Amino acid sequence: RNHLHAAGHICVLKDAFMYESPTEIANLVSADKFDAALAIHLYKGGRLLQGSSIPFGIIFGGTDVNEDIKCEEKRRVMGAVLGEARFAVAFTMKMKELAAAEWPDARKKIYVQTQGIKTTPSETFDWYRFLQSADIPTDASNLHVFLLICGLRRVKDPLYLVDAFSDWHRKDSSVHLGIIGPAVDPLFTSEVKEKVKRAPGVHLLQEMPQDDLHAAMKRCFAVVNSSISEGMSAAILEAMDLGIPVLARNIPGNAAIIKHKETGLLFSNPQEFVVLSKSLMNDPIIEREIVTRAKDNVKKHHSWESERKTYQNLVLRL
């Protein structure tokens with residue numbers, strides 16, 4: 001939205017979950033006299049723009065091309081939406097190829113633009129108050145806090161590491177895992193709360209403003225991603241930009257931005273996560289090398305300015 005505002009457009013953000021059908025969006029368009037639309041996620045956002053009276057573009061979310069494509073009905077809807085869209089944006093070449101293999105006619109309208117990253121850690125963030133609110137002991141001198149940042153929904157799989165992490169914490173009380181993010185799925189959130197209650201060393205934290213979150217990431221030992229499926233994780237890229245090591249589940253979306261043992265660490269099961277975490281804790285030189293390469297990589301391939309230019313140019317096609 002900032003990119004479009006900067007180009008002089010008026011941009012109104014709407015949550016796709018608030019609408020059930022293209023008719024509701026058509027009413028919104030005629031009431032508010034919108035000129036164009038940009039949907040995030042080919043199915044969740046895109047299906048609402050089917051048959052739209054205004055031109056629109058699509059940004060793939062990740063789960064659309066990785067997961068929803070497996071469902072016949074969703075795939076049919078997504079194909080129709082892509083047929084109508086003026087353009088589509090994929091975060092990686094691999095994501096573009098997946099979509100183009102399914103809908104060859106759309107290949108020419110799919111552009112690849114990685115996520116641009118800009119981190120803004122708060123100057124006034126209070127790390128000790130943060131630890132206190134999470135019930136993490138503030139007096140431990142060799143504290144290792146791991147942060148898992150995600151919306152609480154099944155595809156993010158925040159419980160994947162809980163048992164293994166808790167076992168590790170019982171042997172080494174310096175390690176703590178904080179799970180932080182909005183309660184996207186209320187039913188699943190209560191499941192997460194119940195599980196975390198019984199897992200020593202694992203803490204469920206309140207969602208916080210982005211600049212505070214960036215400041216918390218800066219103070220933690222590592223950022224963790226345990227998703228079943230990802231498009232391109234902003235939290236991983238932000239951690240890299242902030243100079244914090246990343247441990248991520250070895251899935252296509254994560255492997256597209258992390259080169260194992262070069263710009264981060266990829267794990268295939270909870271036990272491997274613990275082994276890799278220990279190796280990182282015991283070898284500060286390797287940690288520093290990974291962090292330096294990751295930061296350079298984000299500067300080079302995830303420029304916020306270049307993302308801005310791409311979206312400003314694409315919107316002119318509408």
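As the structure is a prediction and not an experimental result, all values here were calculated from the model.

Rules used throughout
Residues numbered from 1 in each chain as written. Predicted model: local features only at pLDDT ≥ 70, side-chain atom pairs only at ≥ 80, totals over all residues. Heavy atoms only, no water. Salt bridge = Lys/Arg side-chain N within 4 Å of Asp/Glu carboxyl O. Helix = DSSP H or I, 4+ residues; strand = E, 2+ residues; numbered from the N terminus. Buried < 20%, exposed > 50% of the residue type's maximum accessible area, 1.4 Å probe, protein only. Polar contact = N/O pair within 3.5 Å; in protein donor to acceptor, adjacent residues only side chain to side chain. Contact = heavy atoms within 4.5 Å. UniProt positions renumbered as here; feature names shortened; annotations may be inferred. Phe/Tyr/Trp six-rings, centres within 6.5 Å; stacked < 30°, edge-to-face > 60°. Lys NZ or Arg CZ within 6 Å of the ring centre and 35° of its normal. Domains from an automatic or database assignment. Buried area = accessible area lost by both parts, 1.4 Å probe.

## Some details on the pattern of salt bridges
Applying the stated criterion across every chain yields a total of 13 salt bridges. For R75, the salt bridge is made with E72, and the minimal N-O distance between the two is 2.7 Å. Taken as a pair, R75 and E72 lie in helix α4 (residues 72-84) at a separation of 3 residues, close to a single helical turn. Judged by relative accessible area, R75 falls into the partly exposed class, the value being 22%. The exposure class assigned to E72 is exposed, which follows from its relative accessible area of 53%. A salt bridge links E194 to K197; the nearest nitrogen and oxygen atoms lie 2.9 Å apart. You can see E194 and its partner K197 sitting in helix α8 (residues 186-197), 3 residues apart, about one turn around the helix. With a relative accessible area of 64%, K197 lands in the exposed category. Several salt bridges converge on common partners, so that one network encompasses E72, R75 and E102.

## Re the side chain of Q113
Residue position: Q113 is located in the loop between β4 (110-112) and α6 (127-133). For Q113, a relative accessible area of 7% gives the class buried. Within the structure, Q113 has its side chain in polar contact with the side chain of T310 (distance 2.7 Å). Among all residues touching Q113, those that are not within four sequence positions of it are V89, A90, F91, S306, E307, T310 and Y311.

## As for the UniProt feature "domain: Glycosyl transferase family" (unreviewed entry) in the protein chain
The UniProt entry lists residues 145-295 under the feature "domain: Glycosyl transferase family" (unreviewed entry), expressed in the numbering used here. The straight-line gap between the two end C-alpha atoms of residues 145-295 is 20 Å; of that span, 46% is helix and 17% is strand.

## As for the packing of aromatic side chains
Summed over all chains, the structure comprises 10 aromatic pairs. For the pair F146 and F165, a centre-to-centre distance of 5.5 Å together with 75 degrees between the ring planes defines the contact as edge-to-face. Here F165 lies in helix α7 (residues 162-171) and F146 lies in strand β5 (residues 144-149), a separation of 19 residues in the sequence. The exposure class of F165 is buried, given its relative accessible area of 0%. With 5.7 Å between their ring centres and 65 degrees between their planes, F146 and W168 make a pair best called edge-to-face. With a gap of 22 residues between them, F146 in strand β5 and W168 in helix α7 connect regions that are remote in the sequence. Of the two residues examined, F146 and W168, each falls in the buried class. The ring of Y43 is capped by R47, whose NZ or CZ atom sits 5.7 Å from the centre of that ring. Here the guanidinium or amino end of K118 rests over the ring plane of W304, the centre of that ring lying 3.9 Å away.

## Brief notes about the domain arrangement of the protein chain
Its domain assignment divides the protein chain into domain 1 (1-116 + 303-316) and domain 2 (127-301). The distance between the C-alpha centroids of domain 1 and domain 2 comes to 30 Å. In this assembly, 13 residues from domain 1 lie in contact with 14 residues from domain 2. Of the roughly 920 Å² buried between domain 1 and domain 2, counting both surfaces, carbon and sulfur atoms make up 55%. Along the contact surface separating domain 1 from domain 2 lie 3 residue pairs in polar contact (both at pLDDT 80 or more). At the level of secondary structure, the elements contributing two or more residues to the side of domain 1 that touches domain 2 comprise α3 (63-66) and α5 (93-102).

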